[in-house]
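Below, each chain spelled out in residue letters.
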Amino acid sequence: GSPSLGIFVVILPMPPDPHLIALGIQQPWAELILRGVKTIEVRSQPTQVRGTIYLYASKRPSPLPDAAAMVTREQLDLETLPKGLLVGTVEVVG
């Protein structure tokens, strides 16, 4: 199967660290990660990266029906969610 990573979210108010990488995630998934609703991210390629990375909210929202369902379930306003910028940091574990 696809590799999955456990994600522990920490939001740090600091200027961007040029040594940290960023993971691009479409909305509403980025918001749901920051809220602790989404705790696992599955990617097609495994990674050896562990530790703190930036979470980047992609410019385009997810077109998936599951994304629309989560917007409704979590009562989010997709139009007002941040897009095209760093929104926080996450701790990649596992």
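Everything discussed here concerns the structure shown above.
Every value quoted in this text rests on a predicted model; they were computed, and no experiment measured them. (Residues numbered from 1 in each chain as written. Predicted model: local features only at pLDDT ≥ 70, side-chain atom pairs only at ≥ 80, totals over all residues. Heavy atoms only, no water.)

### As for the overall build of the chain
Note the cut-off: Under the DSSP-based scheme used, a helix requires at least four consecutive residues in state H or I and a strand at least two consecutive residues in state E, with every element numbered from the N terminus. Exposure classes here rest on a 1.4 Å probe applied to the protein chains alone. A residue is buried below 20% of its type maximum, exposed above 50%, and partly exposed in between. Contacts are residue-level and defined by heavy atoms, with any inter-residue pair within 4.5 Å sufficient. Per-residue and other accessible areas were derived by the Shrake-Rupley procedure at a 1.4 Å probe size, with only the shown protein chains allowed to occlude residues.
Along its length, the chain carries two helices and five strands. In sequence order, the chain lays out its α and β elements as β-β-α-β-β-α-β. Sorting the 94 residues of the chain into buried and exposed places 32% on the buried side. Of the contacts made within the chain by residues no fewer than 6 positions apart, 91% connect residues no fewer than 24 positions apart. Only carbon and sulfur atoms are counted for the fraction: they give 57% of the accessible area of the chain, which is about 6,000 Å².

### Some points on the environment of E91
What counts, and what does not: Whenever a nitrogen or oxygen atom comes within 3.5 Å of another N or O atom, the pair is scored as a polar contact, on the condition that within protein one atom can donate a hydrogen and the other can accept it, and that pairs from neighbouring residues in sequence are kept only if both atoms are in side chains.
You can see E91 is positioned in strand β5 (residues 85-93). For E91, a relative accessible area of 25% translates into the label partly exposed. Taking the C-alpha atoms as reference points, E91 and Y54, 37 residues apart in sequence, are found 8.8 Å from one another. A polar atom in the side chain of E91 sits 2.6 Å from the side chain of T52.

### Structural notes on the pattern of salt bridges
Opposite charge on two side chains makes pairing possible when the charged atoms of those side chains draw close. We apply this condition: A carboxyl oxygen of Asp or Glu within 4 Å of a side-chain nitrogen of Lys or Arg is what we treat as a salt bridge.
One pass over the full model with this rule turns up four salt bridges. Measuring nitrogen to oxygen at the nearest pair gives 3.0 Å for the salt bridge that ties E41 to R43. On the basis of relative accessible area, R43 is assigned to the partly exposed category, the value being 30%. Close ionic contact of R73 with E74 constitutes a salt bridge, the shortest N to O distance being 3.1 Å.

### Topic: the environment of T52
Here T52 lies in strand β4 (residues 51-57). In the structure, T52 is positioned 31 residues away from I21 in sequence and 8.5 Å away in space, judged by C-alpha atoms.

### Overview of unusual backbone geometry
In this structure, the amide linkage connecting Q27 to the following residue, P28, adopts the cis form with an omega of 10°. You can see P28 is positioned in the loop between β2 (22-25) and α1 (29-34). Non-glycine residue Q75 carries a positive phi angle of around 55°. Take Q75: it is sitting in the loop between α2 (65-73) and β5. Look at Q75 and you get exposed, because its relative accessible area is 72%.

### What about the nonpolar core?
Counted only if it meets this: Only buried Ala, Val, Leu, Ile, Met, Phe, Trp, Tyr and Cys residues count toward a nonpolar core, and they belong to the same one when joined by side-chain atoms within 4.5 Å.
By size, the foremost hydrophobic cluster in this structure holds 17 residues, and its most contacted members are I25, W29 and L55. Elements that contribute at least two residues to this core include exactly α1, β4, α2 and β5. No other element matches the five residues that α1 contributes to this core. Each residue touching I25, except ones within four places of it in the same chain, is listed here: A30, I33, E41, R43, L55, Y56, A57 and S58.

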